[in-house]
Amino acid sequence: MEKKNLMYEGKAKKVYETEDPQLLIVSYKDDATAFNGLKKGSISGKGVINNKMSNLLMQMLEKSGVPTHFVEELSDRETVVKRVKILPLEVIVRNISAGSFAKRYGVEEGIVFAEPTIEFSYKNDGLGDPLLNSYHAAALGLCTWEEMETVKKYAFAINDCLKAFWKSCGVTLVDFKIEFGKLSDGTIVLADEISPDTCRLWDSKTGEKLDKDRFRRDLGGTEEAYVEVMRRLCEHI
């Protein structure tokens, strides 16, 4: 499998076409952004960790019944994935108050919810990824009601699986953002990535942040946090 034309370049990845029209190659970068691209930088080795972590977790999720776009890891930074049409929704599942949720509703970080919450935002950088609900998504034609129900079902199943796994690693899964896509036959699958870029991961004992918040908030030790969370994953996967 070899890379052909560059099809898309985002904040953290490049996507290439291949000789197979149904398969793409994703290449992970070390570039880091926050606050819708207002803050930019680089996290050394991030691309390697995000690639490998996403692939390992997606294979684990496949075994638990969640279909994904993963096909094959080619190298430290490159992976073959199924071509999908991304649903223009960012799906956020939260177990504990943190980040924009705490700020938006004026509550402190660290409140453990009785049950997980789910929220959606319109995947549109120009509009700042505004929050929306199922009715908005249907009105805008972003997805059908049936597709939204499938997305919610998979999102909560992913949360159950990941929360239990990270707990075994001594890590608390605070929240995470995921994206879904449709295969050519309309099947909805988990796409994009699962990594410290897209998850809030706190050390279960100390509460130390082991994710991109270290970059967002200028806490320092970002590279070390990514390495540590990857080390724990590899010991328990």
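Residues numbered from 1 in each chain as written. Predicted model: local features only at pLDDT ≥ 70, side-chain atom pairs only at ≥ 80, totals over all residues. Heavy atoms only, no water.

Let's talk about the overall build of the chain
Now for step 1: Scanning the chain from terminus to terminus reveals six helices and 14 strands.
Now for step 2: Computed over C-alpha atoms, the radius of gyration of the chain comes to 17 Å, within 12% of the 18 Å expected from 2.2 N^0.38 for 237 residues, which places it in the range of a compact globule.
Now for step 3: Each of the three principal axes of the chain carries a C-alpha extent, and together these read 50 × 40 × 35 Å.
Now for step 4: Burial analysis of the chain (237 residues in total) assigns 49% to the buried set.
Now for step 5: Pairs at least 24 residues apart make up 56% of the contacts formed inside the chain by residues separated by at least 6 positions.
Now for step 6: Working note: accessible area of the chain is about 11,300 Å², and carbon and sulfur atoms make up 52% of it. (Helix = DSSP H or I, 4+ residues; strand = E, 2+ residues; numbered from the N terminus. Rg over C-alpha atoms; globule rule 2.2 N^0.38 Å. Buried < 20%, exposed > 50% of the residue type's maximum accessible area, 1.4 Å probe, protein only. Contact = heavy atoms within 4.5 Å. Areas by Shrake-Rupley, 256 points an atom, 1.4 Å probe, with all protein chains shown as cover.)

Description of the pattern of salt bridges
Now for step 1: According to the stated counting rule, one finds 30 salt bridges in the structure shown.
Now for step 2: With its nearest N and O atoms 2.7 Å apart, the salt bridge here joins Lys3 to Glu78. Separated by 75 residues along the polypeptide, Lys3 in the segment before strand E1 (6-9) and Glu78 in strand E7 (residues 78-82) bring together distant segments of the chain.
Now for step 3: When its relative accessible area of 35% is taken as the criterion, Lys3 is described as partly exposed.
Now for step 4: Arg94 is the partner of Glu119 in a salt bridge, and the nearest nitrogen-oxygen pair spans 3.2 Å. Of this pair, Glu119 sits in strand E10 (residues 112-122) while Arg94 is found in strand E9 (residues 89-96), placing the two residues 25 residues apart along the sequence.
Now for step 5: The buried category is assigned to Arg94, whose relative accessible area is 3%. (Salt bridge = Lys/Arg side-chain N within 4 Å of Asp/Glu carboxyl O.)

Some thoughts on the pairing of strand E12 (residues 171-182)
Now for step 1: For E12, a buried count of nine out of twelve residues is recorded, marking the element as mostly surrounded by other parts of the structure.
Now for step 2: The pairing of strand E8 (residues 85-86) with E12 spans two bridges and is antiparallel. Each bridged residue has a counterpart across the sheet, and for Lys85 the counterpart in E12 is Lys182.
Now for step 3: One ladder, built from four bridges, connects E9 with E12; its direction is antiparallel. If you follow Val93 over to E12, its bridge partner there is Phe176.
Now for step 4: Where E12 lies against strand E14 (residues 199-203), five bridges are found, and the strand directions are antiparallel. Paired with Thr172 across the bridge in E14 is Trp202.
Now for step 5: Pairing analysis gives four bridges linking E12 to strand E13 (residues 188-191), with the strands arranged antiparallel. What sits directly across from Glu179, in E13, is Ala191.
Now for step 6: What sits between E12 and E13 in their antiparallel hairpin is a turn of five residues, with Gly186 showing a positive phi close to 95 degrees. (Pairing = 2+ DSSP bridges.)

Re the packing of aromatic side chains
Now for step 1: Throughout the structure, instances matching the rule amount to five aromatic pairs.
Now for step 2: Measuring from ring centre to ring centre gives 4.9 Å for Tyr135 and Trp145, while their planes differ by 80 degrees; the resulting arrangement is edge-to-face. Residue Tyr135 is found in helix H3 (residues 134-139), and its partner Trp145 is found in helix H4 (residues 145-168); the two are separated by ten residues along the sequence.
Now for step 3: Exposure remark for Tyr135: the relative accessible area of 62% places this residue in the exposed category. (Phe/Tyr/Trp six-rings, centres within 6.5 Å; stacked < 30°, edge-to-face > 60°.)

Quick word on the environment of Glu9
Now for step 1: Mapping Glu9 onto the fold places it in strand E1.
Now for step 2: A sequence separation of 18 residues divides Glu9 from Ser27, and the C-alpha atoms of the two residues are 9.4 Å apart.
Now for step 3: In contact with Glu9, other than residues within four places in its own chain, are Lys14 and Lys29.
Now for step 4: One polar contact links Glu9 to Lys29, side chain to side chain, over a distance of 2.8 Å. (Polar contact = N/O pair within 3.5 Å; in protein donor to acceptor, adjacent residues only side chain to side chain.)

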